[in-house]
Amino acid sequence: MRDIKLEQESLADRDKKHLWHPLTQHKVSGEMLPIIKAKACVLTDDKGNDYIDAISSWYTAVYGHCNPYITSKVAKQMQNLDQVVFSGFTHKPAIELSEALIKILPEGQQKLFFNDNGSTSTEIGIKMALQYHHNLGNDRKVMLAFEEGFHGDTFGAMSVSGLSVYNGAFEDHFIRVERIPVPTGDNNQEVIDKLKEIIASHNIAGFIYEPLIQGAAAMKFHDAKGLNEILKVCREHDIVRVADEVMTGFGKTGKYFASDYIEEKPDVVCMSKALTAGLLPMGLTSCTQKIYDAFYSEDIAKGLFHGHTYTANPLACSAALAAVELLTSKDIQENIQRISGCNADFVQKLTHHSRVKNARSKGVIMAFELDIKTDRYGDLRNKLFQFFMDKGVFLRPLGNTIYIVPPYVISDEELKKVYAVIEESLALF
Ligand SMILES: *Cc1c(COP(=O)(O)O)cnc(C)c1O
């Protein structure tokens, strides 16, 4: 039944009554902006204002919102098989997705374990590393991670993450973690020395890392050679290498996976975000045959006893399968190269600006720092956010870092507008 009285109130006011938003301190936040429509690169609010989604809605909708190819595949799947238990049963969308993914995953990946989101994909990566050694009878219970990494909001994922507003209240309950700085090129030898010291004094089971770009640490880049060295040392000590490609995966860095830039390949890969093109939530953790074999046993307790109700949901699988088809198409690959080129040119231009520090890009990801001191959620980011929104561009600065991760289908005109608005924002200071 329609409630006329409720419908007369604004969506923003109705939102306030019962909804609790993520990463939000409601006491100091303004009202939430109702979005009523999304198409390709454009979000539309309840007043009819359009915004270019220059971060692909948290790096998910990279083929454009409501992509007709993906929605048609999911709509078709929806008429046939919606959901079924994945323990004891299997289905074509999951099988076809596994075949398509194995072809594009970093070399050596062989088995796929489904889950629900980025946090659970890393949670399972951590569990695979810990239980791998447990099953082999090794006393290895400590994880290794980068300082300032971000791997999600569940307990294992929080433990290996370094950002304290997210996890400060829970620190007493964390799994054991040792940390190394990211290799910057200049400090590579120090990082390797520290790594060897940690390996000698702790029983390290696995190393979890965001390859080449740490998203939540404000698109912080690190050195590929340095990372390669770290991964090599880990391999030599049978430390399970867990690549968290939740942000970097599926073309954003210019290759299918950021791990493709690095010679040493991971043992485990965590995926989510762009996996389903932003249509449905799903995560995946893949691993090599060697990891899988440590769980393969007559002993039931050696299995990976982890299972989510919606494991391998057929609709999410069909979205992911359609997404892989698009990713590997000539059209999308050309788009990624086009945007990468534009980003590189824009970085060149920014480098000359007096307020810009550390302008950088890799694939469709472009970021720089404003040469102004501020804290992560301070006034500066709010002011910038509002400035961009008023100009019709959705960006989400982190502290003094401005970055873009546009959908691969963004047009030249839209991309030019994003750059122009960013340049305009520099004149504010
Ligand atoms: C977003 C993100 C996660 C967590 O994913 P959720 O789906 O938000 O749980 C984990 N790792 C990285 C690198 C991410 O960017």
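The protein carries the name Adenosylmethionine-8-amino-7-oxononanoate aminotransferase in an unreviewed UniProt entry, which gives Christiangramia echinicola as its organism. Under Cofactor (unreviewed entry), UniProt gives the following word-for-word description of the protein: "pyridoxal 5'-phosphate".

*Asks:* A description of the site of the ligand should follow, citing residues and the corresponding values.
*Replies:* Every residue close to the ligand is listed here: Asn 117, Gly 118, Ser 119, Phe 150, His 151, Gly 152, Glu 210, Asp 244, Val 246, Met 247 and Lys 273. The separation between an oxygen atom of the ligand and a polar main-chain atom of Gly 118 is 2.8 Å. A distance of 2.6 Å separates an oxygen atom of the ligand from a polar side-chain atom of Lys 273. Across the shell around the ligand, the residue classes tally to 3 nonpolar, 5 polar and 3 charged.

*Asks:* Before we move on, can you summarise the sheet that holds strand β13 (residues 356–362) with the specific residues and values?
*Replies:* With respect to topology, 3 strands assemble into an open sheet ordered β13-β14-β16, the strand pairing being antiparallel. What marks the edges here is a single partner per strand, and that holds for β13 and β16 (401–404). Direction aside, the axes of adjacent strands within the sheet are offset by 10 degrees on average. Direction of pairing for strand β14 (residues 365–370) relative to β16: antiparallel, over a ladder of 4 bridges. Bridge assignment links Ala 367 to a residue of β16, and that residue is Tyr 403. On top of the sheet, helix α13 (residues 330–351) reaches β13, β14 and β16; it is set at about 170 degrees to β13, its chief contact. Of the strands in this sheet, β13, β14 and β16 touch helix α15 (residues 412–426), which is tilted by about 175 degrees from β16.

*Asks:* Give me the lowdown on the packing of helix α5 (residues 92–104) against helix α12 (residues 314–327), citing residues and values where you can.
*Replies:* The interhelical angle for the contact between α5 and α12, taken along N-to-C directions, is 35 degrees, at an axis separation of 9 Å. As α5 runs across α12, the sense of the crossing is left-handed. Where α5 approaches α12, its residues Pro 93, Ala 94, Glu 96, Leu 97, Ala 100, Leu 101 and Ile 104 are matched on the opposing element by Pro 314, Cys 317, Ser 318, Ala 320, Leu 321, Val 324 and Leu 327. A class-by-class count of the residues in the contact of α5 with α12 yields 12 nonpolar, 1 polar and 1 charged.

Conventions adopted
Residues numbered from 1 in each chain as written. Predicted model: local features only at pLDDT ≥ 70, side-chain atom pairs only at ≥ 80, totals over all residues. Heavy atoms only, no water. UniProt positions renumbered as here; feature names shortened; annotations may be inferred. Near = heavy atom within 4 Å. Polar contact = N/O pair within 3.5 Å; in protein donor to acceptor, adjacent residues only side chain to side chain. Nonpolar A, V, L, I, M, F, W, Y, C, P; charged D, E, K, R; others polar. Pairing = 2+ DSSP bridges. Helix = DSSP H or I, 4+ residues; strand = E, 2+ residues; numbered from the N terminus. Axes fitted to C-alpha atoms, helices over the stretch in contact; angles between N-to-C directions. Contact = heavy atoms within 4.5 Å. Left-handed = near helix turned anticlockwise from the far one by under 90°.

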